[in-house]
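Structural overview for review
Okay, here's what each chain looks like letter by letter:
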Amino acid sequence: TPRPDFGGPESAWHGHADPNLTYAVELVKRMGLNAKGEKISTDGPVPTFGAGADGDADRNMILGSQFFVSPSDSLAFIVANADLIPQFKGAGGLKG
């Protein structure tokens, strides 16, 4: 759920906007990983896909079930699947 202050300084992610293994604590844990990208035990099934972005979406993070996609690879993933992403699909695809 988006938060205007990214959860504030008292949150587990200290109000940091960057989606990464360190600061996207809840998402990373839900996807079955720790802050080092290592598999952890979970209380239930791990989703197949998870993603996060900062406020203007110039930084992103993509995860699979107990799998972290490196930032450079995540850009390639987005470009390869842009026709499936509503924001790009509605805008007529990628520009530039």
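Here is a short report on the structure shown in this document. (Residues numbered from 1 in each chain as written. Predicted model: local features only at pLDDT ≥ 70, side-chain atom pairs only at ≥ 80, totals over all residues. Heavy atoms only, no water.)

1. Comments concerning the overall build of the protein
- Each helix and strand in the protein was counted, giving three helices and three strands.
- Secondary structure elements in the protein, listed N-terminal to C-terminal, are α-β-β-β-α-α.
- Expressed as a percentage of its 96 residues, the buried residues of the protein come to 24%.
- A separation threshold of at least 6 residues defines the contact pool for the protein, and within that pool the share at least 24 residues apart is 28%. (Helix = DSSP H or I, 4+ residues; strand = E, 2+ residues; numbered from the N terminus. Buried < 20%, exposed > 50% of the residue type's maximum accessible area, 1.4 Å probe, protein only. Contact = heavy atoms within 4.5 Å.)

2. Digging into the sheet that holds strand 2 (residues 60-64)
- Pairing in this open sheet of three strands is antiparallel, and the strands run 1-2-3 from one edge to the other. Each having just a single partner strand, strand 1 (49-53) and strand 3 (67-69) make up the two edges of the open sheet. On average, adjacent strands in this sheet sit at an angle of 20° to one another, irrespective of strand direction.
- Sheet analysis places strand 1 next to strand 2, joined by five bridges and oriented antiparallel. Residue pairing across strands places G52 opposite M61, the latter belonging to strand 2. (Pairing = 2+ DSSP bridges. Axes fitted to C-alpha atoms, helices over the stretch in contact; angles between N-to-C directions.)

3. Comments concerning the environment of K89
- As for its placement among the helices and strands, K89 is situated in helix 3 (residues 86-90).
- For K89, a relative accessible area of 58% translates into the label exposed.
- Other than its neighbours up to four places away in sequence, K89 contacts A82 and D83.

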